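Here is how the chains run, residue by residue.
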Amino acid sequence: FTKIRPTAVVDKIIETAVDVFTPGRGTGENTWWMRSLRLLEHKAGKTQRELDIRSEIRRWDDQMPFLHHELLVRYAAGFLSSGLA
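Predicted model only: the values in this text are computed from it and were never measured.

Examining the confidence of the model for the protein
Mean pLDDT for the protein: 78, with 79% of residues reaching 70 or above. When the elements of the protein are averaged for pLDDT, helix α1 (residues 6-21) gives the smallest value, 78, and helix α2 (residues 32-63) the largest, 84.

Thoughts on the pattern of salt bridges
Under the counting rule described, the total for this entry stands at four salt bridges. The closest approach of N and O atoms between Glu15 and Lys12, which form a salt bridge, is 3.7 Å. Remark: Lys12 and Glu15 occur in helix α1; sequence separation between them is three residues, near one turn of the helix. In this structure Glu15 comes out as partly exposed when scored by relative accessible area, which is 43%. Its salt-bridge partner being Glu56, residue Arg59 comes within 2.6 Å of it at the nearest N-O pair. Of this pair, Arg59 and Glu56 are both found in helix α2, three residues apart, which corresponds to roughly one turn of the helix. Looking at Arg59, the relative accessible area reads 39%, which means it is partly exposed. Because the salt bridges share partners, they merge into one network encompassing Asp11, Glu50 and Arg54.

Calculation notes
Residues numbered from 1 in each chain as written. Predicted model: local features only at pLDDT ≥ 70, side-chain atom pairs only at ≥ 80, totals over all residues. Heavy atoms only, no water. pLDDT = per-residue confidence, 0-100. Helix = DSSP H or I, 4+ residues; strand = E, 2+ residues; numbered from the N terminus. Salt bridge = Lys/Arg side-chain N within 4 Å of Asp/Glu carboxyl O. Buried < 20%, exposed > 50% of the residue type's maximum accessible area, 1.4 Å probe, protein only.

Written out as structure tokens, the structure is:
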């Protein structure tokens, strides 16, 4: 229970959510210039999505300090490890 690093867990959850919710590259990438442009647009979209998710987590922590997100991660990890043991 004390060996759980909530920061790493939350970072992985955010990374997965960004990958799922940010659309991938589309068609029209037949030239290197268009591929580079679409890659930059895609990375900018992923960065903005990650900042949005992190600001929502911060807002959650401010509004409900008794349900801090790291505390929820620790409880979930504890229940999961006790259920699997």
